[in-house]
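Commentary on secondary and tertiary structure
Listed below are the residues making up each chain.
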Amino acid sequence: MGLALKPTDTLIVIDLQNDFCPGGALAVNDGDTIVPLVNRLQQQFRHVVLTQDWHPAGHISFASAHPDKQPFELIQLGYGPQVLWPDHCVQASTGAAFHPGLETTRAELMVRKGYNPQVDSYSAFLDNDHATPTGLAGALRERGLGRLFFCGLAYDYCVFYSAVDAVAQGFEAYVIEDACRAIDLHGSKAAAKQTMVELGVHLISSDDLL
Ligand code: VGL
Ligand code: ZN
């Protein structure tokens, strides 16, 4: 407790999918352990949005799509730097499905991203070209939804970029840190945290809400 929630506050659960959980293609350490907490958090909110990383086979973010490249290498693409990942969250695969323990009933909106074969999309709002919107900002505004609370996977990639873009779009953004887990590649977890603080993202604990 501590933070009183308003009726328009919205919980956005980022990419809580099999491939980001232990046993998955791009497993985040302990990624599955947040599922019960995320389910409890959902009960506190009138509005819940789920996002889903949703790549076509051969996606440009896959190392396998680039000759001589290995997963976790950084390359330059037309739209900027891109980490190359193992093949993950291929559309309609088991890996792309939500973790089976995730409560999905109350989600009023599910946003899929990363479906353009040529452009990756970490953020729930904008593709990595920083130009193509997913439509989420407009959907939230049309519904009159206000403060955005983020949880899910991965803290230092899709949660981070979503929270930063939320602020850029004029939303008040909160990241529920203990309801996230990080990939932590080359110090990305600490860097993400520092940038979020600098840009005015509120970093909170689930204790503030439960
Ligand atoms: C993600 C890397 C690649 C994420 C998605 O959900 O954080 N990370 N695709
Ligand atoms: Zn991805």
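In this report, the structure presented in the accompanying data block is examined. None of the values given here were measured: they were computed from a predicted structure.

So, about the pairing of strand β3 (residues 74-77). Alternating positions in β3 separate cleanly, Ile75 and Leu77 being buried on one face and Leu74 and Gln76 remaining unburied on the opposite face. With antiparallel pairing between neighbouring strands as the criterion, β3 and strand β4 (residues 80-83) make up a hairpin whose turn holds 2 residues.

Think of a sheet as strands paired side by side through backbone hydrogen bonds, with each pair either parallel or antiparallel. As summarised here, the arrangement of the 6 strands in space is β5-β2-β1-β6-β7-β8, forming an open sheet in which the pairing is parallel. Since the sheet does not close on itself, it has two edges, and those belong to β5 (107-113) and β8 (202-204), each with one partner. Averaged over all neighbouring strand pairs, the angle between strand axes comes to 25 degrees, with direction disregarded. Pairing analysis gives 4 bridges linking strand β1 (residues 10-14) to strand β2 (residues 47-53), with the strands arranged parallel. Paired with Leu11 across the strands is Val48, a residue of β2.

Along the polypeptide, Thr94 turns up in the loop between β4 and β5. With a relative accessible area of 64%, Thr94 lands in the exposed category. In this structure the C-alpha to C-alpha distance between Thr94 and Asp19, which are 75 residues apart in sequence, comes to 8.1 Å.

Reading the values: rules and limits
Residues numbered from 1 in each chain as written. Chains lettered and ligands numbered in written order. Predicted model: local features only at pLDDT ≥ 70, side-chain atom pairs only at ≥ 80, totals over all residues. Heavy atoms only, no water. Buried < 20%, exposed > 50% of the residue type's maximum accessible area, 1.4 Å probe, protein only. Helix = DSSP H or I, 4+ residues; strand = E, 2+ residues; numbered from the N terminus. Pairing = 2+ DSSP bridges. Axes fitted to C-alpha atoms, helices over the stretch in contact; angles between N-to-C directions.

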